[in-house]
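Architecture at a glance
The chain contents come next:
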Amino acid sequence: MVSVEEAIRLVAEHVLRLPEETVCLSEAAGRVLAENVFADRDSPPWRKSMMDGFAVRSNDINAGIQKLKVIETVTAGGSPTVDVEGGQATRIMTGAPVPEGADSIVMIERCAFEEGSDTVTIELDSISAGKHLMEAAANFASGDMIFPAGRTIRAMDIGLLAEVGAAQVSVFRQPSAAVLPTGDELVSASEQPTGPQIRNSNGPMLLAMLKGKGIESIDLGIGRDNRDAMQEQLKRGLEKDIFLLSGGVSAGTLDLVPSLLKELGVEEIFHKVKVKPGKPIFFGTHQRSDGSRGYVFGLPGNPVSSLVGFRLFVSTAIALMCGKANAIESSPQLAELSREHETRGDRPTFWPSRRISSPDCSLIVEPLIWNGSSDLVALGKAEGLIEFPAGGKVHDAGTEFPFWEL
Ligand code: AMP
Ligand code: MG
């Protein structure tokens, strides 16, 4: 049985980053750049006006010349055709290039101007050079690196990528995935369970967790605890980059998943982690016919155990496959316990918890009332998991523990 740390290290050691692909900008948010992106032009590309108003020579205004001759109008998308000379002004709109000769912009609110008139009176006694205009390349220059390879593209980064003409970007491929919950007792959420049946919570939950990470997955239905019945579903799951199963991985007589996977060529990397809930988790890898590697997680059947396994190990594997360099470091934050809490047992416990608002903005978390690995009500209230160390102990309020955000 390996520790959580060791299991994460084993995942990181075995999981390979997927190859690159080119995607258009509309598909790029959430993906990891596989290339450095450079600016193809200056920003702004010219000295531009930041206001609607008049482009003037500051010397004129500062010398008391306020009535100026309007020589032309330049709008965004247009270009000045004449330079501004002493006693002159160009009417200008936000974003338009500032004509030569002018060195500041007077906003329209400070100008007395009649539409159609060829003069404007500036209602200012003084103005500094450079007012309300931006020099060419003030944001970045052509050739500057905008984003480095390895960066996760956020939705708000798309604007800058568009500005530099990166209409397509090279990113790491996202894994394909398949989900197979197993268990003779399971029926789908749309069915009425009878007798010893329960509804399949894990399948829809795991599919949604994958979707939340932008991963398309196939739903393989429900696997039955029967060697022959499960074979075809397992084979289909193994075609995907990442295959998530739930149930059938512990010590019950019908826990067939690890042995069936091994028969199909999956090499076990670990089976059982010192963690509560979620001990019987299985992780394996296999080589596919095209030579690429596939990864399989057999998550325990109880839904909170499955979720803990997903949060600790599956999400690490996915992040690494997608090219996220800081997949492991970015994990838990230290948080203070809001109240006394007792833990028991010989394994570290990942306890569903929620944040408490604190006046000084420090991270304070409250362990929720939780009935264990099948209790989805606590999970419904949880924002993360507090990691308590192994051993029976009463932990005082204010003690710090790692908090794994969900
Ligand atoms: P297993 O890991 O197969 O021994 O299952 C452990 C417990 O989780 C049993 O009580 C199962 O009935 C339950 N369980 C298994 N799979 C699911 C599932 N997909 N949704 C909800 N509960 C499940
Ligand atoms: Mg089972």
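Residues numbered from 1 in each chain as written. Chains lettered and ligands numbered in written order. Predicted model: local features only at pLDDT ≥ 70, side-chain atom pairs only at ≥ 80, totals over all residues. Heavy atoms only, no water.

1. Overview of helix 4 (residues 202-212)
We apply this condition: We call a residue buried when its accessible area falls under 20% of the maximum for its residue type, exposed when it is over 50%, and partly exposed in between, using a 1.4 Å probe and counting protein chains only. Only DSSP runs of H or I reaching four residues or more are called helices, and only runs of E reaching two or more are called strands; each is numbered from the N terminus. Any two residues whose heavy atoms approach within 4.5 Å are treated as being in contact.
Within helix 4, the full set of buried residues consists of Asn202, Gly203, Met205, Leu206, Leu207 and Leu210. Of the surrounding secondary structure, the elements contacted by the buried residues of helix 4 are strand 14 (177-181), strand 17 (217-219), strand 18 (242-246), strand 22 (293-299) and helix 7 (303-321). Backbone geometry just after helix 4 places glycine 214 at a positive phi near 80 degrees.

2. Some thoughts on the sheet that holds strand 27 (residues 384-388)
Backbone hydrogen bonds hold the strands of a sheet together, and the pairing may be parallel or antiparallel. Basically, it comes down to this: Pairing between two strands is assigned when DSSP locates at least 2 bridges connecting them. Convention adopted: a line fitted to C-alpha atoms gives each axis, helices being fitted over their contacting stretch, and angles between N-to-C directions are expressed from 0 to 180 degrees.
Taken in spatial order, the five strands close into a barrel running 23-26-25-27-29, and their pairing is mixed. Each adjacent strand pair in this sheet contributes to an overall mean axis angle of 55 degrees, direction not counted. Pairing analysis gives five bridges linking strand 25 (residues 349-356) to strand 27, with the strands arranged antiparallel. Across the sheet, the residue bridging to serine 353 is glycine 384, located in strand 27. In the packing of helix 7 onto the sheet, contacts are made with strand 25, strand 27 and strand 29 (400-405), and the angle to strand 29 comes to roughly 95 degrees.

3. Points about the nonpolar core
The test is simple: Note on terminology: a nonpolar core comprises buried Ala, Val, Leu, Ile, Met, Phe, Trp, Tyr and Cys residues joined through side-chain atoms within 4.5 Å. Throughout the structure description, domain borders are defined by an automatic or database domain assignment.
Judged by nonpolar contacts, the single largest core of 52 residues is most densely connected at Ile242, Leu244, Phe270, Val273, Phe297 and Phe313. No other element matches the 11 residues that helix 7 contributes to this core. In terms of domain composition, this core takes at least three residues from each of domain 1 (4-19 + 174-321) and domain 4 (333-405). Excluding anything up to four places from it in sequence, phenylalanine 270 contacts Val2, Ala7, Leu10, Val11, Ile281, Phe282 and Phe283.

4. Some words on the domain arrangement of the chain
Domain annotation of the chain identifies domain 1 (4-19 + 174-321), domain 2 (29-42 + 139-172), domain 3 (48-134) and domain 4 (333-405). The straight-line distance from the C-alpha centre of domain 1 to that of domain 3 is 67 Å.

5. Regarding the packing of aromatic side chains
Worth spelling out the cut-off: Pairing of aromatic rings covers Phe, Tyr and Trp, the last counted by its six-membered ring, and requires centre-to-centre distances within 6.5 Å; plane angles under 30 degrees mean stacked, over 60 mean edge-to-face, and any other angle means tilted.
A complete count under the given rule lists seven aromatic pairs for this structure. Look at phenylalanine 54 and phenylalanine 113: their rings are 5.0 Å apart centre to centre, the planes differ by 65 degrees, and that puts the pair in the edge-to-face class. Pair noted here: phenylalanine 54 is in strand 5 (residues 53-56) and phenylalanine 113 is in the loop between strand 9 (111-112) and strand 10 (119-122), with a separation of 59 residues, a long-range link. Centre to centre, the rings of phenylalanine 283 and phenylalanine 297 are 4.7 Å apart; their planes meet at 25 degrees, and the pair counts as stacked. Of this pair, phenylalanine 283 sits in strand 21 (residues 282-287) while phenylalanine 297 sits in strand 22, and the two are 14 residues apart along the sequence. With a relative accessible area of 0%, phenylalanine 283 lands in the buried category.

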